[in-house]
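Okay, here's what each chain looks like letter by letter:
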Amino acid sequence: MKILKKWKDSWNAYIKKLGESNSKTYGQEPMSCCSVNRKMNGGNGGNPGGGKPSREN
């Protein structure tokens, strides 16, 4: 049973670190796909040209 407790403690530590990392990356506000795209792509909503997305395929 000690092995299971050790595994559980390791898993909980991993989840805690993951949560702290996500808080640093995304902040404390609720997740929104639009705000994540802006943050991850330099503030232009995921569109390299900014503004509305192009319809080119």
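Residues numbered from 1 in each chain as written. Predicted model: local features only at pLDDT ≥ 70, side-chain atom pairs only at ≥ 80, totals over all residues. Heavy atoms only, no water.

### A closer look at the overall build of the protein
In terms of helices and strands, the protein carries two helices and zero strands. Looking at the protein as a whole, 4% of its 57 residues qualify as buried. In the form shown here, the protein has an accessible surface area of approximately 5,500 Å², with 57% of it arising from carbon and sulfur atoms. (Helix = DSSP H or I, 4+ residues; strand = E, 2+ residues; numbered from the N terminus. Buried < 20%, exposed > 50% of the residue type's maximum accessible area, 1.4 Å probe, protein only. Areas by Shrake-Rupley, 256 points an atom, 1.4 Å probe, with all protein chains shown as cover.)

### Quick notes on helix 1 (residues 2-26)
Between its first and last C-alpha atoms helix 1 spans 36 Å; for 25 residues at 1.5 Å apiece the expected length is 36 Å, and the two agree. Count one or two residues on from helix 1 and you reach G27, which has phi positive near 85°. (Expected span 1.5 Å × (residues − 1).)

### Quick word on the pattern of salt bridges
What the rule picks out here adds up to one salt bridge. A salt bridge links K5 to D9, with the shortest nitrogen-to-oxygen separation between them at 3.3 Å. Taken together, the residues span about one helical turn, with K5 and D9 both in helix 1 at a distance of four residues. On the accessibility criterion, K5 (53% relative accessible area) is exposed. (Salt bridge = Lys/Arg side-chain N within 4 Å of Asp/Glu carboxyl O.)

### Notes on the packing of aromatic side chains
Under the definition given, this model contains two aromatic pairs. Centre to centre, the rings of W7 and W11 are 6.1 Å apart; their planes meet at 10°, and the pair counts as stacked. Highlighted residues: W7 and W11, both in helix 1, separated by four residues, approximately one helical turn. In this structure W7 comes out as exposed when scored by relative accessible area, which is 58%. (Phe/Tyr/Trp six-rings, centres within 6.5 Å; stacked < 30°, edge-to-face > 60°.)

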